[in-house]
2 protein chains.
Amino acid sequence: MDLRQVRYFIAVAEERSFTAAARRLNLSQPPLSQHIQALEAELGTQLLYRTSRKVELTQAGEAMLLRGRAILQQVKSAEDEVRSIGAGLIGTLDLGATGSILRGRLAELLAAYREVAPLVRMTVHEQAPALQIAALLNRTTNISLIRGVPGERDLTSKLAWREEVVLAVPRGHHLAKRKRVALAELASEDHVILDPDSSDFARYVQRCCVDAGFLPKVSQQVVDAQSIPSLIAAGFGVALVPQSIARFTTADIAFRPIRPSPPAADVFLVFREDETSMVVHNFIKLALRYLGQRKKLG
Amino acid sequence: MDLRQVRYFIAVAEERSFTAAARRLNLSQPPLSQHIQALEAELGTQLLYRTSRKVELTQAGEAMLLRGRAILQQVKSAEDEVRSIGAGLIGTLDLGATGSILRGRLAELLAAYREVAPLVRMTVHEQAPALQIAALLNRTTNISLIRGVPGERDLTSKLAWREEVVLAVPRGHHLAKRKRVALAELASEDHVILDPDSSDFARYVQRCCVDAGFLPKVSQQVVDAQSIPSLIAAGFGVALVPQSIARFTTADIAFRPIRPSPPAADVFLVFREDETSMVVHNFIKLALRYLGQRKKLG
DNA sequence: ACGATTGATAGGTTTTCCCTATGGATCTCC
DNA sequence: GGAGATCCATAGGGAAAACCTATCAATCGT
């Protein structure tokens, strides 16, 4: 049995006429008759009563019409699904990220992606960078956003964006009166820092300070970046934070650019080299395009 | 999309090899490659990763494999159903019959038919002959078994069997001592009869008596033929009954043949001339064949 | 009764499909 | 490390199919 024969039969059955069905199928009438005959021969059953004046369905024909429609519908649905999967519009996407990145630019990136592929089931796994690498390797996640490129050979990294480092100080602090601050000026300040063991950003900041000739005096070390603004406002000192978190806090804290600016903190999209999912490829493609545009606009 | 392409793809996907799949399909490898390419082009999606060493499924290919199998299964199931309907092995069969005929030879006929077509849903509508004709005409039933041929022009009748008339008498009755009885001898007996208004058989018996030169003295008239044996045993008189019911009663009643025998009561298969159902045609064909054999054997 | 319409059939052409032969790439074995 | 084997892709020719036009037989409506 052939899908074409099914389509042809349905047309004849619906039109109750070979001639009309042939017209609908953009076909001449003789091959249509032949196909129906072939179908009947294969099924060993008459499907249509034909007189030279009208065409009627037999019981077998009625069944064939119903089943044929169901088959065509299923075929169409299968085509749609396969096409969607192939285009990366259906599937799952597991992302790894640290909280600070998630609350930063990643959120808007995810929103942009969701508009393009609303049927993709996205899950963000918020965890430390080292765990993210492991998750990528054991295929728990597809993509990670990490500051810095991991050394693993099976992973590919692409620059997502560069993040400026800014100084967060309490409103009353003497540096809050300045328009910009040099890094070396922070040598004498108390610093609130993230735990360098679990945060790439913390390590990056530390290296910047070392490059500027001092080791920051740590007044407080926290695990969760969200705690930093509260501590700054409470007068524990100053902190070097990614620019993106400046959006979220305002009242008691001032943000000041560092000039001359240290090398920007680079955030990378990391994924397996052998990644096959079109969802993942689509996401990466969209992300690079989207972030490229944004960079120019900003 | 074409069923052949689906079959071809499934073979390749299952074998994880074009060469092996081609062998399984009794096909050379090149056209197989071409069909898969055509399928991929139509779906706008790669379904397979091919290196010159191994073939793997993409996510879209996995989906295609699942959906393709489902499609083929549905197609096969549709073919089976249509074939069965066309062969009259699936469907419904509504029969009309009076109780006496149902309890007579019809029961064994239905049993024989059920063996041939166990999936056909049979329903017997037990009702008076006039209602059976109406049911046939308004397509409530497909076939009726009736004594005598109806006059309606849209109905066809075929002789099913001829039923001998036998005399039922109480064991102690003087006629019970006889080996055979002439119809005229019953002129002086009390008769238990069925209601002639609802029973063709009753009318037929009455005509036989009239032909023999007497009108039966009615001691009791009943509507349900099943009541007759009880009344005979209770001494209400004698009754002329179809031979077939002789099987069911024994103890208090004797059955004696009528000689010379009156014209046998003919039972007909009646059905619409324009009947299309293969189930009905099958049943009629089997019935005539089966009853023909039985008649010769009996 | 005659013209119009319907589905089936016949014959020829185009398209599709399949086969053999071959090429490029990778793996295996010596 | 190189030769042979194996795998999938491509090219070109021949066979099979699908389709078209023309025509026939039967039926309906005028």
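1. Re the environment of Glu115(B)
Residue and element names in this part refer to chain B.
Moving on, step 1. With respect to the element layout, Glu115 can be found in helix H5 (residues 99-116).
Moving on, step 2. Classification of Glu115 by relative accessible area gives exposed; the value is 73%.
Moving on, step 3. Considering only alpha carbons, one finds Glu115 and Ala160, 45 residues apart in sequence, at a separation of 19 Å.

2. Quick notes on the nonpolar core
Moving on, step 1. Grouped together as the largest cluster of nonpolar side chains are 59 residues, with contacts concentrated most on Phe9(A), Leu47(A), Leu48(A), Phe9(B), Leu47(B) and Leu48(B).
Moving on, step 2. The dominant element in this core, judged by the number of residues it contributes, is helix H4 (residues 59-86) of chain B, at 10 residues.
Moving on, step 3. Setting aside anything within four residues of it in sequence, one finds Phe9(B) in contact with Ile36(B), Leu39(B), Leu47(B), Leu48(B), Leu57(B), Gly61(B), Met64(B) and Leu65(B).

3. A short note on the side chain of Glu163(B)
Residue and element names in this part refer to chain B.
Moving on, step 1. Locating Glu163 in the fold gives a position in strand S6 (residues 155-163).
Moving on, step 2. For Glu163, a relative accessible area of 5% corresponds to the buried category.
Moving on, step 3. Reaching out from Glu163, the side chain makes a polar contact with the side chain of Arg147 at a distance of 2.4 Å.
Moving on, step 4. Leave out the neighbours within four places in its chain, and Glu163 touches Arg147, Pro242, Gln243, Ser244, Ala264, Ala265 and Val267.

4. Section: the pairing of strand S4 (residues 120-126) of chain A
Residue and element names in this part refer to chain A.
Moving on, step 1. As defined by bridge partners, strand S3 (residues 91-97) adjoins S4 across seven bridges and the pair is classed as parallel. Bridging across to S4, Asp94 finds its partner in Thr123.
Moving on, step 2. A crossover connection joins S3 to the parallel S4 through helix H5 (residues 99-116); in handedness this β-α-β unit is right-handed.

5. A short note on the sheet that holds strand S7 (residues 165-170) of chain B
Residues and elements named next belong to chain B.
Moving on, step 1. Taken in spatial order, the three strands line up as S10-S7-S11 in an open sheet, and their pairing is antiparallel. Where the open sheet ends on each side, the last strands, each with one partner, are strand S10 (239-242) and strand S11 (253-257). The mean inter-strand angle of the sheet, taken between neighbouring strand axes irrespective of direction, is 40°.
Moving on, step 2. Pairing of S7 with S10, which is carried by four bridges, proceeds in the antiparallel orientation. Note that in S10 the partner of Val165 across the bridge is Pro242.
Moving on, step 3. This element, helix H7 (residues 200-211), spans S7 and S10 of the sheet and lies at about 125° to S10.

6. Considering the domain arrangement of chain A
Moving on, step 1. Entries for chain A in the domain assignment read domain 1 (3-86), domain 2 (96-155 + 274-297) and domain 3 (165-263).
Moving on, step 2. Placing the centre of domain 1 of chain A and that of domain 2 of chain A at their C-alpha centroids yields a distance of 48 Å.

7. What about the protein's contact with DNA strand D?
Moving on, step 1. The full set close to DNA strand D counts 21 residues, and His35(A), Arg53(A), Thr19(B), Ser33(B) and Arg50(B) are the nearest of them.
Moving on, step 2. Here, DNA strand D places atoms within 4 Å of the protein, and 70% of those atoms are sugar or phosphate.
Moving on, step 3. Within the contact set of DNA strand D, a phosphate oxygen lies 2.9 Å away from a backbone nitrogen or oxygen of Phe18(B).
Moving on, step 4. Taking Gln37(B), its side chain carries an N or O atom lying 3.2 Å from a phosphate oxygen of DNA strand D.
Moving on, step 5. At the level of elements, helix H1 (3-15) and helix H3 (29-43) of chain A together with helix H2 (18-24) and helix H3 (29-43) of chain B are the ones that each hand at least two residues to the surface near DNA strand D.
Moving on, step 6. Ranked by the residues each element gives to the surface near DNA strand D, the list is headed by H3(B), at four residues.
Moving on, step 7. Considered class by class, the residues forming the surface near DNA strand D number seven nonpolar, 10 polar and four charged.

Reading the values: the criteria
Residues numbered from 1 in each chain as written. Chains lettered and ligands numbered in written order. Predicted model: local features only at pLDDT ≥ 70, side-chain atom pairs only at ≥ 80, totals over all residues. Heavy atoms only, no water. Helix = DSSP H or I, 4+ residues; strand = E, 2+ residues; numbered from the N terminus. Buried < 20%, exposed > 50% of the residue type's maximum accessible area, 1.4 Å probe, protein only. Core = buried A, V, L, I, M, F, W, Y, C linked by side-chain atoms within 4.5 Å. Contact = heavy atoms within 4.5 Å. Polar contact = N/O pair within 3.5 Å; in protein donor to acceptor, adjacent residues only side chain to side chain. Pairing = 2+ DSSP bridges. Right-handed = clockwise from strand over helix to strand, strands pointing away. Axes fitted to C-alpha atoms, helices over the stretch in contact; angles between N-to-C directions. Domains from an automatic or database assignment. Near = heavy atom within 4 Å. Nonpolar A, V, L, I, M, F, W, Y, C, P; charged D, E, K, R; others polar.

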